[in-house]
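Spelled out from the first residue to the last, the chains are:
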Amino acid sequence: MLGYTITQWLFGILSFLAIMFALMVVFTRNPVNSVLYLVLTFFCIAGHYLVLNAQFLAVVHIVVYAGAIMVLFLFVIMLMNLNEDTEPQKTLISKIIAGCIGGVLLVVLVGSLKGAEQLQLHQAGASQIGLVKNLGKVLFGEFLFPFEIASVLLLAAMVGAIMLGKKEIK
Amino acid sequence: MINTIPINYYIMLSTILFIIGAVGVMARRNAIIVFMCIELMLNAVNLLLVAFSTLHNDANGQVFVFFIMAVAAAEVAVGLAILSMIYRNIKSIDIDLLSKLKH
């Protein structure tokens, strides 16, 4: 197939789809469509994780982002009854300025990273660190304390969200 | 299946995704869309962390991505609670109206 391996085909297709869906997130007027395109972008990124043999992260990514976070976004958008008619639009001039800043940022970053060393990724078969067994050993060995702190962080976020979401605190 | 993708391709992909997110933050006025673009930028960084983690055959990068996901979930929960409270008070989530943090 034109001298490319299956991995390279997968990388190309997933990258193209991810960039297209990400652009649609920004340029779609309807917020609900924006959320759905973002879910598709996250699926493409999960595909990239699979190509990189990070299977645990691919599954966690789908569960946490596509499953939990985006459903939360969708709920809030539907609660607020947002649609194309209520969508506030920036003036044309500020959109053009935003595009110019993005283009300049792209040129600067690509220019500065172009000279980076050309390194090939390890063979997929050789890299087994993304599997649950190996990642679990690192997570519950070296990173046990940060892992416990993360649970406190999530508890604090949960309490904070409930406090903020309550009607009026007398 | 031999993985022969240069790391530069992943750097370019992450850069492009990050910049799309940054442009979205600058070009949109709906606070929820701005929030989603921030998530997109976080994911671009996550992708690069996983790519480098595979490159160096080092699990620490993937553990960091795991923690970033936990922090992002906490951030989204609090952020959306704040947004829904703002919507309840001023019936809008247009960030240009919120720029003075009062109404």
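This structure, assessed with the given rule, holds 0 disulfides over all chains. Here Cys-37 of chain B is not disulfide-linked; the sulfur of Cys-44 of chain A is the nearest cysteine sulfur, at 16 Å. For Cys-37 of chain B, a relative accessible area of 0% translates into the label buried.

For chain A, the domain assignment lists domain 1 (1–84) and domain 2 (131–170). The C-alpha centroid of domain 2 of chain A is placed 24 Å from the C-alpha centroid of domain 1 of chain A.

Here we take up the interface of chain B and chain A. Opposite the 71 residues of chain B that make contact, chain A presents 82 residues. For the pairing of chain B and chain A, the buried interface totals around 7400 Å² over both sides, and the portion due to carbon and sulfur atoms is 75%. Elements that contribute at least two residues to the side of chain B that touches chain A include exactly α1 (7–27), α2 (31–56) and α3 (60–90) of chain B. Looking at the side of chain B that touches chain A residue by residue, the class counts come to 49 nonpolar, 15 polar and 7 charged.

Turning next to the pattern of salt bridges. Residue and element names in this part refer to chain B. The final tally for this structure, using the stated rule, is 2 salt bridges over all chains. Between Arg-29 and Asp-94 there is a salt bridge; the shortest N-O distance is 2.2 Å. One end of the pair, Arg-29, is in the loop between α1 and α2; the other, Asp-94, is in the segment after α3, with 65 residues separating them in the sequence. For Arg-29, a relative accessible area of 18% puts it in the buried group. With a closest N to O distance of 3.4 Å, Asp-96 and Arg-29 form a salt bridge. Of this pair, Asp-96 sits in the segment after α3 while Arg-29 sits in the loop between α1 and α2; the two residues are 67 residues apart in sequence, bridging distant segments of the chain. Among the charged side chains, a network of salt bridges with common partners joins Arg-29, Asp-94 and Asp-96.

All right, on to the packing of aromatic side chains then. On inspection of all chains with the given rule, the structure shows 11 aromatic pairs over all chains. Measuring from ring centre to ring centre gives 4.7 Å for Phe-11 of chain A and Tyr-10 of chain B, while their planes differ by 70°; the resulting arrangement is edge-to-face. Separated into two different chains, Phe-11 of chain A in helix α1 (residues 6–27) and Tyr-10 of chain B in helix α1 make up a pair that spans both. Each member of the pair, Phe-11 of chain A as well as Tyr-10 of chain B, is classed as buried. Geometrically, the ring pair formed by Phe-143 of chain A and Phe-64 of chain B is edge-to-face, given 6.2 Å between the ring centres and 85° between the ring planes. On the criterion of chain membership, the pair formed by Phe-143 of chain A in the loop between α5 (132–141) and α6 (144–165) and Phe-64 of chain B in helix α3 is interchain, its members lying in two chains. On the accessibility criterion, Phe-64 of chain B (46% relative accessible area) is partly exposed. In textbook terms, an aromatic cluster arises when at least three aromatic residues are bridged by ring pairs, as seen for Phe-56, Phe-140, Phe-143 and Phe-147 of chain A together with Phe-64, Phe-66 and Phe-67 of chain B.

About the cut-offs
Residues numbered from 1 in each chain as written. Chains lettered and ligands numbered in written order. Predicted model: local features only at pLDDT ≥ 70, side-chain atom pairs only at ≥ 80, totals over all residues. Heavy atoms only, no water. Disulfide = S-S within 2.5 Å. Buried < 20%, exposed > 50% of the residue type's maximum accessible area, 1.4 Å probe, protein only. Domains from an automatic or database assignment. Contact = heavy atoms within 4.5 Å. Buried area = accessible area lost by both parts, 1.4 Å probe. Helix = DSSP H or I, 4+ residues; strand = E, 2+ residues; numbered from the N terminus. Nonpolar A, V, L, I, M, F, W, Y, C, P; charged D, E, K, R; others polar. Salt bridge = Lys/Arg side-chain N within 4 Å of Asp/Glu carboxyl O. Phe/Tyr/Trp six-rings, centres within 6.5 Å; stacked < 30°, edge-to-face > 60°.

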